[in-house]
Amino acid sequence: MNIEFTHTISFEEYNALRRAVNWGELSLRQFDMIVKNSLFFVIARVDGKVVGTTRCVGDGGYHFFLCDVIVHPDYQKNGIGRMLIGKFMNFVDDTVGRGETAMLTLVAAKDKEPFYKKFGFIERPNADRGAGMYMFYQKK
Ligand SMILES: CC(C)(COP(=O)(O)OP(=O)(O)OC[C@H]1O[C@@H](n2cnc3c(N)ncnc32)[C@H](O)[C@@H]1OP(=O)(O)O)[C@@H](O)C(=O)NCCC(=O)NCCS
């Protein structure tokens, strides 16, 4: 499999990938904002077809939030998820200054915790730290 990594993706391609894993589609406004404001956005392609993506949002100083890790179901279990996380880690390493500590966070989808543990992420709550928290905000 010839995998290529790029940094561009169309609105249609992005929503098609989200649909493929049963995630809700983004509006064009949301898509434009994530393209404009993500610190890092990587897309995996096989023969030009989008097969995976992930991105990072944050301040580029201390907080780096890994989000929207998606591999198309037809291409899962081929190491593409691992490669995408590797690209994210390279981005962080290229960005953080020598001697600095940065906080890398994510919100795991159900039963995906073991995937992220492979890369060193630690589950919360634990003996030292409280739970992560979230909400979905829907504007009426
Ligand atoms: C989670 C996801 C990104 C993994 O992508 P993938 O390309 O199939 O993963 P890889 O093939 O690179 O797997 C890397 C390693 O993680 C393991 N792994 C993958 N998914 C796993 C899971 N759900 N539970 C436990 N281990 C998992 C693999 O066995 C592999 O282990 P190894 O390298 O030691 O052999 C993919 O299943 C996906 O897109 N799911 C739907 C969207 C989603 O839920 N994304 C996560 C949002 S938080």
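For the structure, see preceding data.
Residues numbered from 1 in each chain as written. Predicted model: local features only at pLDDT ≥ 70, side-chain atom pairs only at ≥ 80, totals over all residues. Heavy atoms only, no water.

Quick question: what am I supposed to make of the sheet that holds strand β2 (residues 40-46) here?
By definition, the strands of a sheet pair up through backbone hydrogen bonds, in either a parallel or an antiparallel sense. The strand order β1-β2-β3-β4-β5 describes an open sheet built from 5 strands, whose pairing is mixed. Taken across any chain shown, the strands that pair with only one partner, and hence form the sheet edges, are β1 (3-6) and β5 (103-105). Within this sheet the neighbouring strands show an average axis-to-axis angle of 20°, counted without direction. Note: β1 against β2, 4 bridges, orientation antiparallel. Each bridged residue has a counterpart across the sheet, and for T6 the counterpart in β2 is I43. Most of the contacts of helix α3 (residues 80-95) go to strand β4 (residues 63-71), to which it runs at about 160°, and overall it touches β1, β2, β3 (49-58), β4 and β5. (Pairing = 2+ DSSP bridges. Helix = DSSP H or I, 4+ residues; strand = E, 2+ residues; numbered from the N terminus. Axes fitted to C-alpha atoms, helices over the stretch in contact; angles between N-to-C directions. Contact = heavy atoms within 4.5 Å.)

Which parts of the structure should I look at to understand the nonpolar core?
Among soluble globular proteins, nonpolar side chains are generally buried collectively. Counting residues in hydrophobic clusters, the biggest one holds 20 residues, and the most contacted among them are F64, L66, I80 and F88. Within the residue set of this core, elements represented by two or more residues are β2, β3, β4 and α3. No other element matches the 6 residues that α3 contributes to this core. With near-sequence residues (within four places) excluded, I80 lies in contact with M1, I3, A44, V51, V71 and Y75. One finds L17, F31, I34 and I43 within the second-largest nonpolar core, a separate group that totals 11 residues. (Core = buried A, V, L, I, M, F, W, Y, C linked by side-chain atoms within 4.5 Å. Buried < 20%, exposed > 50% of the residue type's maximum accessible area, 1.4 Å probe, protein only.)

Quick question: what am I supposed to make of the site of the ligand here?
Lining the immediate environment of the ligand, one finds 21 residues, of which V69, V71, K77, G81 and R82 sit closest. At 3.4 Å, a side-chain N or O of Q76 approaches a nitrogen atom of the ligand. For the ligand, whose unbound accessible area comes to 910 Å², protein coverage reaches 74%. Counting residues per element, the ones that place at least two in the shell around the ligand are β4, α3 and α4 (113-117). When grouped by side-chain class, the residues that make up the shell around the ligand number 12 nonpolar, 4 polar and 5 charged. (Near = heavy atom within 4 Å. Polar contact = N/O pair within 3.5 Å; in protein donor to acceptor, adjacent residues only side chain to side chain. Areas by Shrake-Rupley, 256 points an atom, 1.4 Å probe, with all protein chains shown as cover. Nonpolar A, V, L, I, M, F, W, Y, C, P; charged D, E, K, R; others polar.)

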